[in-house]
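Residue-level structural notes
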Amino acid sequence: MTTHRGSAPVNPRNDSRGSAPVNPGNSTTELGLPTRRGTEGVPTLGDGSTQTKKDFTSDQEVRWCPGCGDYAVLAAVQGFLPDLGLRRENIVFVSGIGCSSRFPYYLDTYGMHSIHGRAPAIATGLATSREDLSVWVVTGDGDALSIGGNHLIHAMRRNVNLTILLFNNKIYGLTKGQYSPTSDVGAVTKSTPSGSVDHPFNPVSLALGSEATFVARTMDSDRAHLTEVLRAAAAHRGTSLVEIYQNCPIFNDGAFQLLKDRDEATGRVAHLRAHEPVRIGAEGSPEAKVVVRDPEGRLQVVPEQAVPQGHTVVVHDPADPDPTSAFGLSRLDDPSMQTVPMGIFRQVERPTYDDGVREQVQQATAGTTRDTASLDALLHGRDTWTVDGTRPGQVEQLLEGETTEGPTPAAGEALVEEGEEVYEDEGTP
Amino acid sequence: MIRFAGDSGDGMQLTGDRFTSDTAALGNDLSTLPNFPAEIRAPQGTLPGVSSFQVHFADHDIATPGDAPDVLVAMNPAALKANLPDLPRGATVIVNSDEFTRRNLAKVGYAANPLEDDSLADAGYHVHALPLTSMTVEALAAFDGLTRKEKERAKNMLALGLLSWLYSRDTASTEAFLRAKFAQAPEILEANLTALRTGHAYGETTEDFAVRYQVAPAPMTPGTYRTITGNQALALGLVASAYRTGLPLVLGSYPITPASDVLHQLSTLKAHGVTTLQAEDEIAAIGMALGASFGGALGVTTTSGPGLALKSETIGLAVATELPLLVIDIQRGGPSTGLPTKTEQADLLQALHGRNGESPVAVVAAQSPTDCFDAALEAVRIATTYRTPVILLSDGYLGNGSEPWQIPAAAQLPDLTVRHTTEPNATDERGEPVFHPYLRDEQTLARPWAVPGTPGLEHRIGGIEKADITGNISYDPANHDRMVRLRQAKIGAIADSIPPLEVDDPSGEARVLVLGWGSTYGPIGAATRLVRATGAKVARAHLRHLNPFPADLGDVLRRYDRVVVPEMNLGQLALLLRGTYLVDVRSHTQVRGLPFTAGELAQVVHENLMEVQSQEVTV
């Protein structure tokens, strides 16, 4: 009833790009929705005015544990938000539950500290109904990947215009130290005294599998890299998922020490830079390694000086529409942290859900006014009759033909459909 | 009263729906009860697959779809067997004899063909066994482009044509409906029209029917009318609310029976500025609605009982953040999956109390299909005025049932204009203007609704306890105690805006009051009429507001010697009334997935009247 079976494309501006795909079930329709870019639609500061870190700092005392990686991320965000040039009142941070989810209280923007796991859903409603907002989600490995896993994958699938900061410390901190969905197998925690038998998620692989259009990984302690990645994420239209390795000094201290120790990191971090080979270590150094594709198509890490025959060095292209390379890179990472790619895995353009939803409403309302007359027309629908009570105490029913206005298609286009066979199409949920 | 019954693929809902439209156009008052299986297409010819549609029409005001049908149209043995228990002696039965094959009879456990023995006649029924399928196929013999199966599918139109003749209904509006529906398929259109006319003509020419009925128009208030289901009225009420508040309507919803129709309806109304979001689950659906509310829209989510359970935590967040939010529960039989396509009103306590902590929300209920429109406006008024989630309770009977609706004039609808807060509401110690998100309106106790994008009013809200006035995080014991009481007091303050309870007590001398809420309105009204027709005195009242109750409810209850509360649950309102007012109300309950019958309730009222009288004698 609501699909456009056999009807013309809904968008008059659409210059039919071939026929709709064959679908044995419901028909599909060419949406012809426009592509918007970056933060288009969000008001910017007027000429000459600027904002500083102080403008973005609220009067609330920050209450994370001493040494928590969250401090560094907060400082980086407060530091670079002014550079976006967006009006402060048009920025909203939505969080779930967990240590990182206290984040919104410390920023002097609009914010909602919501409930466990639901921030992406709430942010979806907000971002979809308000094109003029830059909406951010702050979440953690437990919040986003465990209790809120469903909302996270669907936000990324839909490509809602959100920037999601996923703080991954591989532990539940606020509830005092239980293993999380990113904890390693064997992790000894409060709730797994004999070691966890639970296989962890790789958040980057999950995001790529959910067809996220922007996926990156960075580190709390690397201010420059963190800022660079966040800046790119903020400028991306669609869902940006940024995994931030973050140290919990109380319950999982040193989880990322191998990547923080300069000497260790050099031999482990694979830097993802657009149009450059994926390299571990300094180019030209004897220890340098590169990621290569073997003849079977699998990715391997080999010394740069000794790339085997038939293997090709992988040159990173985050804009590659084919996600297989990005996914392959995400799988190089394992709990041993032998090779850990850092940077932007994927950054592609795809129409966003919120733009599409708004466009459909805008197309439908174009050239119409919402006034008493249009509401009256809606309430009347297509099938009315009139009871005439000219004689007091006696109500006269005029005869059929005089009384039934009958279907008036002109008024009926967007009106409520009559019952049809709806009841029999109903099913259990 | 007519009941159409057949296999769930026989098109009985459509047939009933069209008969309803023709009946409404003729000026009869009416009330309908669709009754269909949860399975989309249950196995053909079986009892679980029987789908029926009952329509009650008369020349007077009608309160219910009726208790027992006068005419049953049974398209197969299963439909006959499933509906016979409801048929009173003297009823007319029209059956499709083509379907009474040995195989179909065996499927439902008929050892002998009831059309061939005297069992039906002995039970006092007037039976008309007509080969509807073969009559249809024969009538459509000239349609070469249609298969036999396609021709057979038009048998519901033949039956409708026959019934239209029997009840002197014009088929013009159904013909117009078919022309619109099959505009793209001229041959199918002609086939349906032919079947419809053949049925009508058969009625005229046959001598099989001794009586033909004329039901005169019912006296109704002058005005323009349409037939509308509860879910349609609800959708229109939401859109009207958006118009009258000046807010964009944003619906977050997840498909669930029997609420999905509201999502379907609203998704067709984009031209009125409506945004519908089909979420990944019930929790996301309400999350999206709440996110939209935070952004300043009219956030709405629609669901049924199991979905309401899933939304509980987010409703709690809306209580804490004190944002307007409309949560609509089209109740169905429970617990768990329960009876998805049947009706019940057993979510009342879930609506009031189904959350952690002291988490008061306003609760309103619709009482008839057309009343769903007014209930939506009232729920929106409360949500936006008091910045609170409101749960609106409808149910499957109201949602799918239809009745004539006198269309209100848009300009006469209540003005619900909402203005978001745009200016600071306090000054700090240095005299600078500041914004306190939890500084309340003195009368309503509502907090300001300042939306993102408003410069200078940046603030953070959330589920952690808020300090009074500033809204900062607070773990202070005294503050928590104060905030819990403030949130409760705010909901309580809604009672100041509710009119006194309307009590229908014509003589003013009744000693027994029947009090109901929700969809029992129709059956209680019909029962009251039956009782009064015997000369007895009985009062009735119906609650729109379940939380808070109208301020005078306690006084009303105490005015009567006996208060009877019929509910389609195990006495949930009765529990609340007893707990709130210490009044010994009598609970009458039934949870069969169907509305009360007027006869049943009249009997209950009668028994209570007798008891009260006998007490008088013994005292």
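Residues numbered from 1 in each chain as written. Chains lettered and ligands numbered in written order. Predicted model: local features only at pLDDT ≥ 70, side-chain atom pairs only at ≥ 80, totals over all residues. Heavy atoms only, no water.

1. Details of the overall build of chain A
The helix and strand tally for chain A stands at 13 helices and 14 strands. In chain A, buried positions account for 51% of the 429 residues. Counting only contacts in chain A whose residues sit at least 6 apart along the sequence, the fraction spanning at least 24 positions is 64%. Here chain A displays about 19,000 Å² of accessible surface, and carbon together with sulfur accounts for 51% of that area. (Helix = DSSP H or I, 4+ residues; strand = E, 2+ residues; numbered from the N terminus. Buried < 20%, exposed > 50% of the residue type's maximum accessible area, 1.4 Å probe, protein only. Contact = heavy atoms within 4.5 Å. Areas by Shrake-Rupley, 256 points an atom, 1.4 Å probe, with all protein chains shown as cover.)

2. Remarks on the packing of aromatic side chains
By the definition in use, this model includes 15 aromatic pairs over all chains. A ring pair is formed by Trp64 of chain A and Tyr106 of chain A, whose centres lie 5.1 Å apart and whose planes are at 80°; its orientation type is edge-to-face. Of this pair, Trp64 of chain A sits in the segment before α1 (69–84) while Tyr106 of chain A sits in the loop between β1 (91–95) and β2 (110–113); the two residues are 42 residues apart in sequence, bridging distant segments of the chain. Of the two residues, Trp64 of chain A and Tyr106 of chain A, both sit in the buried class. Every member of this aromatic cluster is reached through a ring pair, and the members are Trp64, Tyr71, Phe80, Phe93, Phe103, Tyr106, Trp136 and Phe167 of chain A. A cation over a ring is seen here: Arg370 of chain A above Tyr243 of chain B, with NZ or CZ 5.0 Å from the ring centre. (Phe/Tyr/Trp six-rings, centres within 6.5 Å; stacked < 30°, edge-to-face > 60°. Lys NZ or Arg CZ within 6 Å of the ring centre and 35° of its normal.)

3. A short note on the pairing of strand β23 (residues 586–589) of chain B
Both strand β22 (residues 562–567) of chain B and β23 of chain B contribute to a ladder of four bridges, which runs parallel. Each residue of the ladder has a partner; that of Val564 of chain B, found in β23 of chain B, is Arg586 of chain B. (Pairing = 2+ DSSP bridges.)

4. Structural notes on the environment of Thr133 of chain B
Residues and elements named next belong to chain B. Structurally, Thr133 is set in helix α5 (residues 132–139). Sequence spacing of Thr133 and Lys155 is 22 residues, and the spatial spacing of their C-alpha atoms is 5.7 Å. Sequence-distant contacts of Thr133, defined by excluding residues within four places in its chain, comprise Asn96, Asp98, Glu99, Glu152 and Lys155.

5. Considering the interface of chain A and chain B
Listed per partner, the contact involves 81 residues of chain A and 105 residues of chain B. Summing both partners gives a buried area of about 7,900 Å² for chain A against chain B, and 60% of it is carried by carbon and sulfur. For the pair chain A and chain B, the interface holds three salt bridges. Among the salt bridges present, the one from Glu280 of chain B reaches Arg158 of chain A, with a minimum N-O distance of 2.8 Å. If you look at where chain A meets chain B, you find 27 residue pairs in polar contact (both at pLDDT 80 or more). The set of elements that each furnish at least two residues to the side of chain A that touches chain B consists of β2, α2 (119–129), α4 (149–158), α10 (353–365), α11 (372–380), β13 (384–391) and α13 (422–425) of chain A. Of the residues contributing to the side of chain A that touches chain B, the split by class is 28 nonpolar, 32 polar and 21 charged. Where β2 of chain A meets strand β17 (residues 460–462) of chain B, three bridges bridge the pair, whose relative direction is parallel. Considered in β17 of chain B, the bridge of Met112 of chain A is made with Ile461 of chain B. (Buried area = accessible area lost by both parts, 1.4 Å probe. Salt bridge = Lys/Arg side-chain N within 4 Å of Asp/Glu carboxyl O. Polar contact = N/O pair within 3.5 Å; in protein donor to acceptor, adjacent residues only side chain to side chain. Nonpolar A, V, L, I, M, F, W, Y, C, P; charged D, E, K, R; others polar.)

6. A few points about the sheet that holds strand β19 (residues 512–517) of chain B
What links the strands of a sheet is backbone hydrogen bonding, and the strands pair in either a parallel or an antiparallel sense. All names here are of chain B. Spatially, β18-β20-β19-β22-β23 is the arrangement adopted by the five strands of the open sheet, whose pairing is mixed. Two strands lie at the open edges of the sheet, namely β18 (503–504) and β23, each paired on one side alone. As paired elements, β19 and strand β20 (residues 539–543) share five bridges and run parallel to each other. Bridging across to β20, Gly516 finds its partner in His542. Contacts from helix α18 (residues 521–533) reach β18, β19, β20 and β22, with the element oriented near 175° to β20. Relative to β22, helix α20 (residues 572–581) is tilted by about 145°, and along the sheet it contacts β19, β20, β22 and β23. (Axes fitted to C-alpha atoms, helices over the stretch in contact; angles between N-to-C directions.)

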